[in-house]
Amino acid sequence: MKNRKWLLFVSGCLLLPQLLFAQSDAPFFPQNKEPESTNNNMQQEQSLLLAENQILDAPVNPNEYLVGPGDIIAINIGGENQGYLSLPITPEGMLLIPTVATLDLRGLTLAQAKVLISNAVKKKYIRSQVDVVLIGVRKIRVVVAGQVETPGSVFVSAVDRASDAIRIANLPVLNKEPLKEESEEAELETDEVTTKTIKYLVEVDREPAKRHVVLTRMNGEKIPVDLMRYEVTGKTDRNPYLLEGDQIYVPVLSKNTPSVEVLGAVQEKGVIEFLEGDRVMDAIELCHGFMADADRSDIEIIRFNPDHKTTYSIHVDLSDSSDIEKNNVELHLDDVVSVKFIGGFNRKNNVEVKGEVKYPGFYAIEDGKTRLADVIEAAGGFTQNTSLRESFIKRRYFDYFIDPEVKRLELIATADMSSVEREYLKMSKRQGNDRVEVDFDGLFNKHDSTQNILLYHKDYIEIARKSRIVHVMGKVNRPGIVEFEKGKTLDYYVQKAGDFSWNARWANTRIIRYETGDWIQGAANTEIYMGDTIFVPEKPDIQIGSLTKDVFQIGFFIINAVYLIDRLNQ
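Please read all numbers here as calculations on a predicted model, not as lab measurements.

(A) Highlighting helix α4 (residues 162-169). α4 sits mainly inside the fold: 6 of its 8 residues count as buried. Those residues of α4 that fall on the buried side of the exposure criterion are Ala-162, Ser-163, Asp-164, Ala-165, Ile-166 and Ala-169. Taken together, the buried residues of α4 touch β6 (139-146), β7 (152-157), β8 (213-216), β9 (222-225), α7 (227-233) and β10 (247-250).

(B) Geometry of the pairing of strand β4 (residues 101-104). Pairing of strand β3 (residues 94-97) with β4 involves 4 bridges; the strand directions are antiparallel. The residue of β4 that forms the bridge with Ile-97 is Ala-101. Between the end of β3 and the start of β4, which pair antiparallel, lie 3 residues, with Thr-99 showing a positive phi angle near 65 degrees.

(C) Here's a closer look at the packing of aromatic side chains. Within this structure, the stated rule accounts for 5 aromatic pairs. Aromatic side chains Tyr-492 and Tyr-493 sit 5.0 Å apart centroid to centroid with 85 degrees between the ring planes, which places their arrangement in the edge-to-face category. By relative accessible area, Tyr-492 is classed as partly exposed at 24%. A relative accessible area of 0% places Tyr-493 in the buried class. When the centroid spacing of 6.3 Å and the interplanar angle of 65 degrees are considered together, the rings of Trp-519 and Phe-535 count as edge-to-face.

(D) Main features of helix α3 (residues 110-124). Across its 15 residues, α3 extends 22 Å between first and last C-alpha, which sits within 8% of the 21 Å expected from 1.5 Å per residue. Listing the buried residues of α3 in full gives Leu-110, Ala-113, Ile-117, Ser-118, Ala-120 and Val-121. End-on, the buried residues of α3 take up no more than an arc of 165 degrees, which puts them together on one face. For α3, exposure combined with an orientation more than 90 degrees from the buried face picks out Val-115 and Lys-123.

(E) Spatial organisation of the pattern of salt bridges. This structure, assessed with the given rule, holds 22 salt bridges. Glu-285 serves as the salt-bridge partner of Arg-229, at 4.0 Å between the closest nitrogen and oxygen. Here Arg-229 is found in helix α7, whereas its partner Glu-285 is found in helix α8 (residues 280-286), with 56 residues between them in sequence. A salt bridge links Arg-465 to Glu-356; its shortest N-O distance comes to 3.3 Å. Separated by 109 residues along the polypeptide, Arg-465 in strand β20 (residues 459-465) and Glu-356 in the loop between β16 (350-355) and β17 (361-364) bring together distant segments of the chain. You can call Glu-356 buried: its relative accessible area is 14%. One network of salt bridges, in which partners are shared, links Arg-211, Asp-226, Arg-238 and Asp-278.

(F) Molecular detail of unusual backbone geometry. Phi at Asp-334 takes a positive value of approximately 70 degrees, unusual for a residue other than glycine. Note on placement: Asp-334 falls in the loop between α9 (324-327) and β15 (336-341). Under the relative-accessibility criterion, Asp-334 is labelled partly exposed at 39%. The phi torsion at His-447 lies on the positive side, around 60 degrees, for a residue other than glycine. Looking at where His-447 falls in the secondary structure, it is placed in the loop between α13 (440-444) and β20. Residue His-447 is classed as exposed on the basis of its relative accessible area of 65%.

(G) Layout of the layout of surface pockets. In this structure, the second largest pocket spans a volume of roughly 470 Å³. The element best represented in the lining of the second largest pocket is strand β18 (residues 386-395), accounting for 5 residues. Grouping the amino acids of the lining of the second largest pocket by side-chain chemistry returns 5 nonpolar, 3 polar and 11 charged.

(H) Structural context of the sheet that holds β15. Judged by pairing direction, the sheet is mixed, and its 5 strands sit side by side in the order β12-β11-β15-β13-β14 without closing on themselves. Of all strands in the sheet, those bounded by a partner on one side alone are β12 (270-273) and β14 (311-316). Strand-to-strand twist of the sheet, defined as the mean angle between neighbouring strand axes without regard to direction, takes the value 25 degrees. Note: strand β11 (residues 259-264) against β15, 4 bridges, orientation parallel.

(I) Inspection of the side chain of Asp-160 at higher detail. Following the sequence through the fold, Asp-160 ends up in the loop between β7 and α4. For the buried Asp-160, no salt bridge is present, and the opposite-charge side chain at shortest range is Arg-167, 5.6 Å distant. Separated by 2.9 Å, the side chain of Asp-160 and the backbone nitrogen of Ser-157 make a polar contact.

(J) Fine view of the environment of Lys-354. With respect to the helices and strands, Lys-354 occurs in strand β16. For Lys-354, a relative accessible area of 38% corresponds to the partly exposed category. In the structure, Lys-354 is positioned 108 residues away from Glu-462 in sequence and 5.1 Å away in space, judged by C-alpha atoms. When near neighbours in sequence (up to four residues on either side) are disregarded, Lys-354 contacts Pro-360, Tyr-460, Ile-461, Glu-462 and Ile-463.

(K) Examining the nonpolar core more closely. If you look at the biggest cluster of nonpolar residues, it comprises 25 residues, and the most contacted ones within it are Leu-105 and Ile-117. At the level of secondary structure, the elements contributing two or more residues to this core comprise β1 (72-78), β2 (83-88), β3, α3 and β5 (129-136). The element that contributes the greatest number of residues to this core is α3, accounting for 5 residues. Contacts of Ile-117, omitting those with residues within four sequence positions, involve Ile-73, Ile-75, Leu-95, Ile-97, Leu-103, Leu-105 and Val-132. Residues Val-260, Leu-286, Leu-318 and Val-339 belong to the second largest nonpolar core, which totals 22 residues.

What counts, and where the lines are drawn
- Residues numbered from 1 in each chain as written.
- Predicted model: local features only at pLDDT ≥ 70, side-chain atom pairs only at ≥ 80, totals over all residues.
- Heavy atoms only, no water.
- Buried < 20%, exposed > 50% of the residue type's maximum accessible area, 1.4 Å probe, protein only.
- Helix = DSSP H or I, 4+ residues; strand = E, 2+ residues; numbered from the N terminus.
- Contact = heavy atoms within 4.5 Å.
- Pairing = 2+ DSSP bridges.
- Phe/Tyr/Trp six-rings, centres within 6.5 Å; stacked < 30°, edge-to-face > 60°.
- Expected span 1.5 Å × (residues − 1).
- Arc of directions from axis to C-beta.
- Salt bridge = Lys/Arg side-chain N within 4 Å of Asp/Glu carboxyl O.
- 1 Å grid on protein atoms, 1.4 Å probe; cavity = no way out; pocket = protein on both sides within 12 Å on 5 of 7 lines; lining within 4 Å.
- Points joined across faces, edges and corners; volume = space filled by probe spheres on them.
- Nonpolar A, V, L, I, M, F, W, Y, C, P; charged D, E, K, R; others polar.
- Axes fitted to C-alpha atoms, helices over the stretch in contact; angles between N-to-C directions.
- Lys, Arg positive; Asp, Glu negative; His and termini not counted.
- Polar contact = N/O pair within 3.5 Å; in protein donor to acceptor, adjacent residues only side chain to side chain.
- Core = buried A, V, L, I, M, F, W, Y, C linked by side-chain atoms within 4.5 Å.

So, in structure tokens, the structure goes:
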């Protein structure tokens, strides 16, 4: 009997630890006899939950995201007691974990909630590995007011930011009821109401401010929202996540909105909204940064004196990226930031060669150092059809120049001009103000080095083709184009054109030189060059009646003059 009691005592001592361990490490949900089926169901549940969520712009930041009612928390236990649960946070902000505890998650970030949940589960299941994951985010309602398309409540998720709610509030409203048309009398009767309505509509169409948006939490905390900073840089530090009950106010952008101006070598210059604490680099960043040719060593800030009338300048050097913070001075309201350009930065100096060269096109030069002969050599030299006499250079750098005298003469009737003014206008139109004086024939045929001029950026070189024709115009029997014959004179080409017509004013025949555009008196033995034009004017019509009248008037004046002289001599 005594031995039997001793045997029961020893057996109880051996079984007691196992019973205690079984209580502490018992699974928090019934074990499934078909683990493969359990895993499939778990994955299916996860997929359904994730499918309900919106597409995220980035992974949720556990240190920023505040958990709340409606979020779905997954708890996965590894080790001897494997298990998985997906649990919603209750409307009171609690998480009920079966067989473990009910945890208060109100006001906690996701990172804090993970630590709290993991510690609570590990107290119950000592030897297990615990993973806590957010697999479903809640839907919340916030209010957007101010300068948006449809002020009021909008539904978003807890991973949305202030910019998302404002975007939703600016979406066009579908199925709006059209305004009822009213009669003219009704409009007159309600003139005051109509005026107020028009005024309201004009205000609604005004541009919203983007850097002065305010988000107000349910506890009264006001958080500044900088939409422009988020849109331009993608930085989210002033574009917070949303919580239940948030109110967002978007003000109107007006002339009273604080601002600064950025000019010069930035990607998008102009006036931008100003916030207290803004620095030079903040303003430049909001203008999409420096241009490649920006002079970062001397950025000028023009600032008003206390009298708000006079100004003074501050110069800062932001060229050293390792020391920007030292010179990144704070801006004041109404400052003007001027970023200078680096003169001639990476300018690709070139000239264009067209016409009768072997390789027409653009050629790189050293501005003011490369000469004409160098470029012609690079272009492969001239073809056999080149006319050096007719070739020319235009300096396009001066294309912007407008001769004020030409502009003045263009506004005057030709009859009111003097002969000198008419000639000046004619020559200016014909020659332009961009033609460079150079003798191609003298340089390349006669080796006159004085004609080997320096070239400049954007110069245009036209190597002319031989014009193997002569134009014969005016009062000849067969006006038109005559093939050029070297050494022939005016008389030869007139004969080729059928000789002078009966009403030709042959004594006033003019030759227009193609090379210079000059008009010269044409004689029968004058040599004609390629491209020249021969112009034969017409004899003026003589009106007999008008001539008789003129002769009679002249005779009358002569008789009167003789009569008066005779009387005076008496």
